[in-house]
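The residues making up each chain are set out below.
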Amino acid sequence: MTASKPAIARDGGLSLQQQRQKAAFWFLAPMLIALFCVAAWPLLRTVWFSLTDTSLNNLYGGKWIGFDNYLRVQTLSNGTVRYKGTLVDPAWWNAVWNTLRFSVVSVVCETVLGLIVALVLNAEFKGRGLVRAAILIPWAIPTIVSAKMWAWMLNDQYGILNDMALNLGLISSKIAWTATTDTAMYAVLMVDIWKTTPFMALLCLAGLQMVPRDIYEAAKIDGINPVKVFFKITLPLIRPALMVAVIFRMLDALRIFDLIYVLTPNSAATKTMSVISRENLIEFDKFAYGSAQSTLLFAILAVFVSLYIWLGKVDLSGEGGK
Amino acid sequence: MAKIELKNVKKSYGAVDVIKGIDLTIEKGEFMVFVGPSGCGKSTLLRLISGLEEISSGDMLFDSERVNNVLPSQRGIAMVFQSYALYPHMSVYDNMAFGMKLAKASPEAMKKRVLEAAKLLQIDHLLERLPKQLSGGQRQRVAIGRAIVRDPRVFLFDEPLSNLDAALRVQTRLEIAKLHHSMSDVTMIYVTHDQVEAMTLADRIAVLRDGRLEQVGTPAELYERPNSIFVAGFIGSPKMNFLTGKFAADHGCTTLGIRSEHIDVVTGGMWTGQIVHAEDLGSDNYLFVEVGSDEPLIVRQEGKLTMKVGDTVSLSPKDGQLHRFDQNGKPIR
């Protein structure tokens, strides 16, 4: 080491710790600024809009109306009390219910299927690298493209799925999968699970590869059968990775928009929170009302994630149990 | 409790032969150490005995019963891994009891066995802890405890001390030796690359090299009558001195071996040279003497030393302590 000057002379006599913090701050600053501009500011604007009567053709002329977009009590001259606002809007609650149903079912299916795929990929076999790459294809296709592709495959007149099911005798007449209220949600779920299972599989695989091989060997010598090994050893050990994967997927699923917008536009059976708030914001010219729904969507997400981390004791610090 | 016989055991991975035909009998209650440089196949051989790997050809017998196709859990073995391989999410107690629990043992019997093993290893105060809350030495003891609870016929150790620091290694080595004495009818097989561990623990040592047995014998046999240059150089610390060229030709061999403690500093000895380096270990001194061969001769001198680096000394081997090897590395006796 060639220490030229004593360190004390520099940085106005800051301690090493302070110098480190200062450097850290300057490294973090660009990120913090970018995050503020693209995340915090739009969010704050949305919350603000939700408390005004802003409309799309007069974005800056909105007046403060408090919580009226959320809930407003009207007392008519004849004495009847009426409630208005998002919180008593059946269309909104239908969207909330659709979103939750979609999220829970899709994430559960994706986790189970993803784990199975990961277990297969974790085994040693020839061409494993190729299979690992191939399985990612659904995930790599842009959602709009895959949604359009599936829309054609699910088409009631010309769709290949109807044709195949008909020829196999599984159905007696063609089904309008995406248009029928009864089947629209299944269609959306199917496409989403097809698309996202590879992502889950990859995250599960990363978790599986963290489990040291000799633990399995110790279990082999202990004479524990493979099913028990999975539930008693593998699953507890990959639980932290699995919990993080599930929360990533859950956040994505709760905000789902593109797939539904393309595959089943305007179907009350699949309309989600994101879809309905966009509808109000842009199409129905109820900008403030849509903002209120966006704000609620954010609040629901925040509550859900907090609960999940707290109840699931998810370790997001990355330190993990060794 | 088991006599283990290996008959022409071979193991290959695809085109690569790792174990190239080994015949070995390990007696009941014996402490056998497999030793050799890395890549010699010693760990693979242990895994073949454990059943974690299948042998490619040959026969393996436990108490005269062929176990080639018997599952690891059915062989009556217990294994201690280099990395301990404890279940990280289970307490020490559960780690030790896991096998029994899933084998549907009665809770009382299980508790008794685990507590006995824990007492023996002095880890009975740690039973509630998780592996991550233990030190390396304690983890290793839990791993050994887990093996004891299995009540095995054969105990397998795969480099169990290599993750411990020097002081702990010596202490744990002692405990393994004690364990062997207290379980004297259990056959133990121990893999290490450390010849000191091999020498101190083993009843018999099997030196492996390149997938073959180089020599099998008691530590003293290997030390005093090595069967090849390889064994002579591998067993003993510091390494045996090897002299070639005219030094060897004078004694009618290709390579001449002499251990450091078998060289005396004399006047008018066989070899003369300058001391180029000296190591003082307190009890012993090691002199590195440049006598004109490929490497300096290492000479052990007890007690305090009157010579210093730069001095010229004359050396002579002790009677009957020269090891002569032919051009194939085999001893000439």
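Residues numbered from 1 in each chain as written. Chains lettered and ligands numbered in written order. Predicted model: local features only at pLDDT ≥ 70, side-chain atom pairs only at ≥ 80, totals over all residues.

## What about the overall build of chain A?
A count of helical and extended segments in chain A gives 12 helices and 2 strands. When its helices and strands are written in sequence order, chain A yields α-β-β-α-α-α-α-α-α-α-α-α-α-α. Computed over the C-alpha atoms, the radius of gyration of chain A is 26 Å, more than 25% above the 20 Å expected from 2.2 N^0.38 for a compact globule of 322 residues. For chain A, the C-alpha atoms occupy an extent of roughly 85 × 75 × 35 Å along the three principal directions. Expressed as a percentage of its 322 residues, the buried residues of chain A come to 29%. When contacts within chain A are restricted to residue pairs at least 6 apart in sequence, those whose partners lie at least 24 apart make up 66%. (Helix = DSSP H or I, 4+ residues; strand = E, 2+ residues; numbered from the N terminus. Rg over C-alpha atoms; globule rule 2.2 N^0.38 Å. Buried ≥ 20, exposed ≤ 12 C-beta atoms within 10 Å, placed from the backbone. Contact = placed C-beta atoms within 7 Å.)

## A short note on helix α11 (residues 273-283) of chain A
All names here are of chain A. Every buried residue of α11 is listed here: Met273, Ser274, Val275, Ile276, Ser277, Asn280 and Leu281. Looking at the buried side of α11, the elements it contacts are α2 (90-122), α10 (258-263) and α12 (287-312). Looking at the residues trailing α11, positive phi occurs at Asp285, about 50°.

## A few points about the sheet that holds strand β15 (residues 284-290) of chain B
Strand pairing in a sheet is mediated by backbone hydrogen bonds. Such pairs are either parallel or antiparallel. All names here are of chain B. If you trace the 5 strands from one edge of the open sheet to the other, you get β13-β17-β14-β15-β16, paired in antiparallel fashion. The open sheet is flanked by β13 (263-266) and β16 (297-302), the only strands paired with a single partner. Across this sheet, the average inter-strand angle for adjacent strands is 50°, counted without regard to direction. Here 4 bridges tie strand β14 (residues 271-280) to strand β17 (residues 312-317), and the two strands are oriented antiparallel to one another. Bridge pairing in β17 links Gln274 to Thr312. (Pairing = 2+ DSSP bridges. Axes fitted to C-alpha atoms, helices over the stretch in contact; angles between N-to-C directions.)

## Side note on the packing of helix α1 (residues 16-50) of chain A against α12(A)
Residue and element names in this part refer to chain A. The contact between α1 and α12 brings their axes to 7 Å, and the two run at 125°. By the angle between their directions, the pair α1 and α12 is classed as oblique. Where α1 crosses over α12, the two elements pack in a sense that is left-handed. Contacts between α1 and α12 pair Leu43, Thr46, Val47, Phe49 and Ser50 from the former with Phe287, Ala288, Ser291, Ala292, Ser294, Thr295 and Phe298 from the latter. (Parallel < 35°, antiparallel > 145°, perpendicular 65-115°, else oblique. Left-handed = near helix turned anticlockwise from the far one by under 90°.)

## Focus: the confidence of the model for chain B
Mean pLDDT for chain B: 91, with 100% of residues reaching 70 or above. Highest mean pLDDT in chain B belongs to strand β3 (residues 31-35) of chain B (95); lowest belongs to helix α9 (residues 246-249) of chain B (87). (pLDDT = per-residue confidence, 0-100.)

## A short note on the UniProt feature "transmembrane region" (unreviewed entry) in chain A
Residue and element names in this part refer to chain A. As recorded in UniProt, the sites labelled "transmembrane region" (unreviewed entry) are residues 23-44, 100-121, 133-153, 184-208, 229-251 and 287-311. In residues 23-44, the share of helix is 100% and the share of strand is 0%. The end C-alpha atoms are 29 Å apart. Structurally, residues 100-121 is divided into 100% helix and 0% strand, and its ends, taken at the C-alpha atoms, are 31 Å apart. (UniProt positions renumbered as here; feature names shortened; annotations may be inferred.)

## Side note on the sheet that holds strand β4 (residues 57-62) of chain B
All names here are of chain B. Across the sheet, which stays open at both edges, the 4 strands sit in the order β2-β1-β4-β5 with antiparallel pairing between neighbours. Of all strands in the sheet, those with a lone pairing partner are β2 (16-26) and β5 (65-66), marking the two edges. One ladder, built from 8 bridges, connects strand β1 (residues 4-13) with β2; its direction is antiparallel. Within β2, the position partnered with Lys11 by the bridge is Ile19. Of the strands in this sheet, β1, β2 and β4 touch helix α1 (residues 42-50), which is tilted by about 65° from β2.

## A look at the pairing of β1(B)
Residues and elements named next belong to chain B. Here β1 folds back onto β2, and the loop between the two strands holds 2 residues, one of which, Gly14, carries a positive phi near 60°. Sheet topology places β1 next to β4; 5 bridges connect them, and they run antiparallel. Looking at β4, one finds that Lys10 is bridged to Ser57.

## Remarks on the packing of helix α2 (residues 92-102) of chain B against helix α4 (residues 136-149) of chain B
Residue and element names in this part refer to chain B. At a minimum axis separation of 9 Å, α2 and α4 run at an interaxial angle of 25°. Here α2 is positioned roughly parallel relative to α4, judged by the angle of their axes. With respect to the hand of their crossing, α2 and α4 are arranged in right-handed fashion. Where α2 abuts α4, its residues Val92, Asn95, Met96, Ala97 and Met100 lie against Val142, Gly145, Arg146 and Val149. Partitioned by chemical class, the residues of the contact of α2 with α4 number 6 nonpolar, 2 polar and 1 charged. (Nonpolar A, V, L, I, M, F, W, Y, C, P; charged D, E, K, R; others polar.)

## Some details on helix α9 (residues 226-254) of chain A
In an α-helix there are 3.6 residues to a turn, and that puts residues three or four apart on one side. Residues and elements named next belong to chain A. Between the first and last C-alpha of α9 there are merely 35 Å, a value that for 29 residues lags more than 12% behind the 42 Å anticipated at 1.5 Å per step. When the local axis directions of α9 are compared, the greatest deviation, roughly 55°, occurs at Arg239, which is followed within four positions by the proline Pro240. The inward-facing, buried residues of α9 contact α2, α7 (181-210), α8 (213-222) and α12. (Expected span 1.5 Å × (residues − 1). Bend = angle between axes of the 7 residues up to and from the residue.)

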